[in-house]
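Listed here are the chains, written in short residue letters.
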Amino acid sequence: MNPSTAISGHSTNGAYFFRIYVAGGAPNSVRALANLDSLCRKHFPESHRIEVIDVLLEPMRALGDAVLVTPTVVKVSPAPEQEIIGNLSDEGEVLRALGLPAKENP
Amino acid sequence: MNATLDTSSARPVHNLEKASTLALRLAHAENALLAFSCGQVDSIVDPGGKIYLLRPAQENLRQNERRLLAVIESTGDVLVVVNRGGFITAQSSASLRVLGYEPAEMIGHSIFELIRDDHLAAVYSAFFNVIEGFQEHADTSFAHRAPDGSHRLIEATLGKLRDGSTEGLVFSLRPMRTSFGPGTEAARDEQVSAPPSLGKDRFIAVLAHELRTPLSPALLGLEDLQEDERFTEARPVLTMIRRNIELQSRMLEELTDFTMVGQKKMRVHLEPIDAHESARFVLEICQSEIAAKAVEVLLDLRAAERFVTADPVRLQQVMWNLVKNAVKFSVAGGRISIVTANDPPGYLTIEVADHGAGISADLLPRIFDPFQQGDLAMQQRHGGLGLGLFIAKGLAEAQEGTLTGASAGLGSGATFKLTLHLAPALEL
């Protein structure tokens, strides 16, 4: 299996592209991925892509991308690139930190 | 120099880039730290490319902790967690009722501050037995003086805390039925004022061992220095240091033996031994002390049957003690005698006599008690802990023999008589 897994919405070249660094099935990582997925489905159902990078399988990639800890989520697009660390349990805070618009009354 | 001037115009831009990169990295690190402190991080990427997985489910742990604490408090016990040094690091909230202190007041204080002085030894020994792993749990009890001046009797169970990262003890405290004020009859309650003696001895043995451990490497190092030609001038000082370390080591050895004898736990291996040979050997190892005081030794090995049933090492230890004592209490240039006999038949006696300080009639019955060495002045003059005779007697008895002492009084010298069973005739 390819270490990097893409989880996509309807469009594979969506406007919202996230990269999430996880540590295998560690609890915060699993939670962060679930939260990110649900956030994307809720706010950007038409156009998002999530790339999952397991640092246990690709440690050198994590190092190359200057990832310090997991879970780390990087918003690759739309620019500017921004990152957030943690299990993403506070949705409002995540949107704010990544500079994303919240969808009113989804 | 020129290079510095040349780059001065280009530098600000370069520095700005560098600064913003640094700021970004710093922000990342801060975010990571924040997430870390919230328990939301589960692995760390090491600059070497290694991934460190963190222990998961901190939240669950905390929940379990709370539940555990609630269960404990419902039992009515007070739990006090202390570190290796006895300092209180945590405790349950019932402490106000049992100890009279607010829980927060006690954090950082030593648990031993809570215990009345005369009960400290018992609690110390329980503490050491558990923390050193001699016992899983230890029960003890002590009087505690509450802030209101009243004394409370408290029962305690000590157990080792095992949570992997820290080392410490948990005191589980509960009030005993009686509570009393200072000076009342109950304050002298026999039950709490007599510390369990086994625990105390164990404590002393552990302590003596711990105190002795650093001395061996120190002695080895000293020996090297004494042989090193660069320190020729310092040799008298090195010799003095060595003598003192050796003295300390011997005293601690005595303490260890003392507790063994006290507990009647001295292990002996009895076998037929030539007592005369042992006596000669002991004289040899005492030679430097004998020479230093110019003491004359009369050795009269007149016993026809010289094989006794004894432990070779322990027999020498007893004799060494007696000879050393005789030399110690002799005046310079004095005379000591070592005489063996088969009287009564079936036994071998070894009498070690000196013509020195002697023993007063009122002290005589107590010479085999531990920590006895005449008066204080005598103790200071002769050094040591005053355990030698106590140990010697204990060792003699462990070898199924006896040791007695006699003296005609102060200034008349003393005679010690070791009696041992003869070994059954050897079948040759």
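Here the structure is a predicted model, which is why all the values come from computation and not from measurement.

Some remarks on the overall build of chain B
Scanning chain B from N- to C-terminus turns up 15 helices and 14 strands. Counting every position in chain B, which comprises 428 residues, the buried fraction comes to 39%. Across chain B, the fraction of contacts at a sequence separation of at least 24, relative to all contacts at a separation of at least 6, is 59%. Surface summary for chain B: the accessible area is close to 24,600 Å², and the carbon and sulfur share equals 57%.

Some details on the interface of chain B and chain A
With 21 residues of chain B in contact, the opposing surface of chain A contributes 24 residues. Roughly 1,600 Å² of surface becomes buried between chain B and chain A when both sides are summed, with 61% attributable to carbon and sulfur atoms. The largest contributions to the chain B side of the interface with chain A come from Gln40(B), Asp42(B) and Val45(B), which together make up 36% of the buried area. At the junction of chain B and chain A, the tally comes to zero salt bridges. Counting across the chain B and chain A interface gives five residue pairs in polar contact (both at pLDDT 80 or more). Looking at the side of chain B that touches chain A, the elements that each hand over two or more residues are helix 2 (11–37), strand 1 (43–45) and strand 2 (51–53) of chain B. Here the side of chain B that touches chain A is composed, by residue class, of 11 nonpolar, seven polar and three charged.

Some points on the side chain of Lys75(A)
Residues and elements named next belong to chain A. Along the chain, the position of Lys 75 falls in strand 5 (residues 72–77). Summary of buried charges: Lys 75 has no salt-bridge partner, and the nearest side chain of opposite charge, Glu 81, is 9.4 Å away. For Lys 75, the side chain forms a polar contact with the main-chain oxygen of Pro 78, separated by 3.2 Å. Engagement of the side chain of Lys 75 in a polar contact is seen with the backbone oxygen of Pro 80, the distance being 3.2 Å.

Regarding the packing of helix 11 (residues 275–285) of chain B against helix 13 (residues 312–328) of chain B
Residue and element names in this part refer to chain B. The interhelical angle for the contact between helix 11 and helix 13, taken along N-to-C directions, is 50 degrees, at an axis separation of 9 Å. The pairing of helix 11 with helix 13 is recorded here as oblique in orientation. The handedness of the crossing between helix 11 and helix 13 is right-handed. Of helix 13, the residues touching helix 11 (which contributes Ala 275, Ser 278, Ala 279, Phe 281, Val 282, Leu 283 and Ile 285) are Leu 315, Gln 316, Met 319, Trp 320 and Val 323.

Considering the environment of Ile241(B)
The topology assignment puts Ile241(B) in helix 10 (residues 235–262). In this structure, the C-alpha to C-alpha distance between Ile241(B) and Leu222(B), residues 19 residues apart in sequence, is 8.3 Å.

Remarks on the sheet that holds strand 4 (residues 69–70) of chain A
What the three strands build is an open sheet, ordered 4(A)-1(B)-2(B); its pairing is antiparallel. Looking at which strands have only one partner, the edges of the open sheet turn out to be strand 4 of chain A together with strand 2 of chain B. Note that strand 4 of chain A and strand 1 of chain B share two bridges and pair antiparallel. Counted as the bridge partner of Val69(A) is Ile44(B) from strand 1 of chain B.

Notes on the environment of Glu277(B)
Residues and elements named next belong to chain B. The topology assignment puts Glu 277 in helix 11. For Glu 277, a relative accessible area of 53% corresponds to the exposed category. C-alpha separation for the pair Glu 277 and Leu 301, spaced 24 residues apart in sequence, amounts to 9.8 Å.

Describing empty space enclosed by the protein
Residue and element names in this part refer to chain B. With the rule as written, the count across this model stands at one cavity of 30 Å³ or more. One number sums up the size of the largest cavity: a volume of about 40 Å³. What lines the largest cavity is Ala 279, Val 282, Leu 283, Met 319, Val 323, Ile 338, Ile 350 and Val 352. For the lining of the largest cavity, the elements supplying multiple residues, two or more each, are helix 11, helix 13 and strand 12 (347–354). It is helix 11 that provides the largest number of residues to the lining of the largest cavity, a total of three residues. Looking at the lining of the largest cavity residue by residue, the class counts come to eight nonpolar, no polar and no charged.

Quick look at helix 15 (residues 388–398) of chain B
Residue and element names in this part refer to chain B. For helix 15, the tally of buried residues reaches eight of 11 residues, placing the bulk of the element in the interior. For helix 15, every residue scored as buried is listed here: Gly 388, Leu 389, Phe 390, Ile 391, Ala 392, Gly 394, Leu 395 and Ala 396. Phi for Glu 400, located one or two positions after helix 15, is positive at around 65 degrees.

So, the side chain of Thr72(A)
All names here are of chain A. Along the chain, the position of Thr 72 falls in strand 5. Judged by relative accessible area, Thr 72 falls into the buried class, the value being 1%. Among the polar contacts made by the side chain of Thr 72, one reaches the main-chain carbonyl oxygen of Val 69 at a distance of 2.6 Å. With sequence-adjacent residues up to four places away left out, Thr 72 is seen in contact with Arg 19, Ile 20, Tyr 21, Val 67, Glu 83, Ile 84 and Ile 85.

Looking at the packing of helix 13 of chain B against helix 15 of chain B
Residues and elements named next belong to chain B. At their nearest, the axes of helix 13 and helix 15 sit 9 Å apart, and the two run at 145 degrees to each other. Classified by chirality, the crossing of helix 15 by helix 13 is left-handed. Counted together, Arg 314, Gln 317, Val 318, Asn 321, Leu 322 and Asn 325 of helix 13 and Gly 388, Leu 389, Ile 391, Ala 392, Leu 395 and Ala 396 of helix 15 form the full contact between these two elements. Looking at the contact of helix 13 with helix 15, its residues break down into seven nonpolar, four polar and one charged.

Analysis parameters
Residues numbered from 1 in each chain as written. Chains lettered and ligands numbered in written order. Predicted model: local features only at pLDDT ≥ 70, side-chain atom pairs only at ≥ 80, totals over all residues. Heavy atoms only, no water. Helix = DSSP H or I, 4+ residues; strand = E, 2+ residues; numbered from the N terminus. Buried < 20%, exposed > 50% of the residue type's maximum accessible area, 1.4 Å probe, protein only. Contact = heavy atoms within 4.5 Å. Areas by Shrake-Rupley, 256 points an atom, 1.4 Å probe, with all protein chains shown as cover. Buried area = accessible area lost by both parts, 1.4 Å probe. Salt bridge = Lys/Arg side-chain N within 4 Å of Asp/Glu carboxyl O. Polar contact = N/O pair within 3.5 Å; in protein donor to acceptor, adjacent residues only side chain to side chain. Nonpolar A, V, L, I, M, F, W, Y, C, P; charged D, E, K, R; others polar. Lys, Arg positive; Asp, Glu negative; His and termini not counted. Axes fitted to C-alpha atoms, helices over the stretch in contact; angles between N-to-C directions. Parallel < 35°, antiparallel > 145°, perpendicular 65-115°, else oblique. Left-handed = near helix turned anticlockwise from the far one by under 90°. Pairing = 2+ DSSP bridges. 1 Å grid on protein atoms, 1.4 Å probe; cavity = no way out; pocket = protein on both sides within 12 Å on 5 of 7 lines; lining within 4 Å. Points joined across faces, edges and corners; volume = space filled by probe spheres on them.

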